[in-house]
Amino acid sequence: MPKTYTAIESWIVTNLQLTPSNSIEQTYERLERQGDNLPLLNAPQDLTNPAHFIEEAVIWDFALHLAGCEKVLDVGCGDGWPSLRLANHFPILVAVDASARRVATAQANARRLGLKNVSIKQMSALEMDFPDSSFDGVVAASVIEQTTNPYQALREIFRVLKPGGKLRLFFEPGDNSTKGVSERVFISETEDSPGYHYVLKHSRPPWERNYLVKFPPTPEVKDAFRRLHSLIERLGSNPRQAPEIGLNFLTENQTQILGVSWYEIELFTSETMKETLEEVGFEEVDVIYSAGTFARRFFPLIQEQGLSSIQLAACCRALAEISKDISAPHISGEPIVAVRPK
Ligand SMILES: C[S@@+](CC[C@H](N)C(=O)[O-])C[C@H]1O[C@@H](n2cnc3c(N)ncnc32)[C@H](O)[C@@H]1O
């Protein structure tokens, strides 16, 4: 365990026995669902809702960057995003995720939506069970940085892409523009253990550390978690601003703690992700504006026009058409396109 950065982290490291883990086991296998507001997956699409408008633009972003592809792979699909939303755009979609729970949710979503051209498999991005050159295109959204070995995940994507095949890669960027750490608390619950998650984000260099403090599912602990849940709703999730949800909660409930696991992920900037893709062997690696960035910027103006949903959908597509050819600054955190050489 390297040096500690905050009072909560020091307390955890000093007082509890740490077990190494990873994002799948510690985070994704414990989440009932990943998002509450994914259009069509969790809620009817409403393009007057800014989140849905931005999401529709991002779907067009993937569709236009990979236009002409027959067989597309979605790596780290979570609950089925973006693969299930791309089912109308490509003949064949294959989606993989390493978490059994996420795969089961994505499969249930695909069945509910009646999608026949999408297959979803449990598989690690680090070792994919596909022959070389299997896909015309690959999409990956917020997954590469979640794996234990981003370089290996990109090598696997390179291997399964056909020569000339294209990758459109979104990632959660690290912010190395300002020095500092940020902290966040959230809770999760499985049948055998309520979980207290403490997330520490470091900016220079960018990385994120995640601790999961596990408790037994006793009535007292469940009560304490219910109170914690309402405190987080009322005060926000930053334990530095609200010690009630941070050190106070942990020390008050210390005797109940079963154990703690942790993992760390490396965060990329557009620049470091571009360099890593080039290192793997990709060519034509470009940081290109997400249509979502344009949609976010233009939504307030478009909203004022009182357009129908068909017109709003056309705006999303138009924004993706425009953004698709515009290079973004390398420090921007915008997504990347890359091509496997012929
Ligand atoms: C932030 S979520 C993104 C999910 C989805 N693409 C989205 O944008 O909603 C990251 C996903 O990566 C998956 N993941 C983490 N490590 C993985 C690996 N080695 N191979 C495949 N999937 C992995 C997790 O299970 C999780 O579903």
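What counts and how
- Residues numbered from 1 in each chain as written.
- Predicted model: local features only at pLDDT ≥ 70, side-chain atom pairs only at ≥ 80, totals over all residues.
- Helix = DSSP H or I, 4+ residues; strand = E, 2+ residues; numbered from the N terminus.
- Expected span 1.5 Å × (residues − 1).
- Buried ≥ 20, exposed ≤ 12 C-beta atoms within 10 Å, placed from the backbone.
- Arc of directions from axis to C-beta.
- Contact = placed C-beta atoms within 7 Å.
- Pairing = 2+ DSSP bridges.
- Axes fitted to C-alpha atoms, helices over the stretch in contact; angles between N-to-C directions.
- Near = placed C-beta within 6 Å.
- Nonpolar A, V, L, I, M, F, W, Y, C, P; charged D, E, K, R; others polar.
- Domains from an automatic or database assignment.
- Left-handed = near helix turned anticlockwise from the far one by under 90°.

In this model helix α10 (residues 309-323) runs 21 Å from its N-terminal to its C-terminal C-alpha over 15 residues, within 8% of the 21 Å that 1.5 Å per residue would give. Within α10 the residues assigned to the buried category are C315, C316, L319, A320 and S323. Buried residues along α10 cover an arc of 135° about the axis, so they all sit on one side. Residues I310, Q311 and A314 are exposed on α10 and point more than 90 degrees away from its buried face. Buried residues along α10 sit in contact with α3 (50-65) and α9 (291-303).

Between W81 and the following residue, P82, the backbone shows a cis peptide bond with an omega angle of 10°. Mapping P82 onto the fold places it in the loop between β2 (71-75) and β3 (92-97). With an omega of 0°, the peptide bond running from R204 to P205 counts as cis. On the secondary structure map, P205 appears in the loop between β8 (194-202) and β9 (207-214). Although it is not a glycine, L40 adopts a positive phi angle of roughly 75°. Examined against the element boundaries, L40 turns out to sit in the loop between α2 (23-26) and α3. Look at S142: it is not a glycine, yet its phi comes out positive at around 55°. Relative to the helices and strands, S142 is located in the loop between β5 (135-141) and α5 (150-160). Judged by the 14 C-beta atoms lying within 10 Å of it, S142 falls in the partly exposed class.

Right, let's talk about the sheet that holds strand β11 (residues 283-287) for a bit. The strand order β4-β3-β2-β5-β6-β12-β11 describes an open sheet built from 7 strands, whose pairing is mixed. The open sheet terminates on both sides in strands that have one partner only, identified here as β4 (118-122) and β11. Each strand of the sheet is rotated relative to its neighbour by a mean of 15°, with strand direction disregarded. As judged from the 6 bridges shared by β5 and strand β6 (residues 161-170), these two strands associate in the parallel manner. Each bridged residue has a counterpart across the sheet, and for V138 the counterpart in β6 is L167. Packing against the sheet, α5 makes contact with β2, β5 and β6, and its axis sits at approximately 140° to β6.

Turning our attention to the site of the ligand. Surrounding the ligand, one finds 20 residues, the nearest of these being Y28, G76, G78, S99 and A125. When grouped by side-chain class, the residues that make up the shell around the ligand number 9 nonpolar, 9 polar and 2 charged. Three or more residues apiece are contributed to the shell around the ligand by two domains, here domain 1 (7-30 + 175-266) and domain 2 (66-173 + 268-288 + 327-339).

As a further point, take helix α4 (residues 100-112). For α4, with 13 residues, the first-to-last C-alpha span of 18 Å sits near the 18 Å given by 1.5 Å per residue. Within the span of α4, buried status applies to R102, V103, T105, A106, N109 and A110. Within α4, the buried residues cover an arc of 165° as seen down the axis, which keeps them to one side. Structural note: α4 exposes A100, R111 and R112 on the side pointing more than 90 degrees away from its buried face. Those residues of α4 hidden inside the fold are in contact with β3 and β4. Just downstream of α4 lies G114, where phi reads positive at about 65°.

In terms of domain boundaries, the protein breaks down into domain 1 (7-30 + 175-266) and domain 2 (66-173 + 268-288 + 327-339). Just the C-alpha atoms count here: the centres of domain 1 and domain 2 sit 29 Å apart. Across the boundary between the two partners, domain 1 contributes 10 residues, which contact 11 residues of domain 2. Of all the secondary structure elements, the ones that give two or more residues to the side of domain 1 that touches domain 2 are α2 and β10 (259-266). By residue class, the composition of the side of domain 1 that touches domain 2 is 4 nonpolar, 3 polar and 3 charged.

It is at 8 Å that the axes of α3 and α9 come closest, and there the two elements cross at 145°. Relative to α9, the crossing made by α3 is right-handed. Contacts between α3 and α9 involve P50, F53, I54, A57, V58, W60 and D61 from the former and A291, G292, F294, A295, R296 and F299 from the latter. Grouping the constituent residues of the contact of α3 with α9 by class yields 10 nonpolar, 1 polar and 2 charged.

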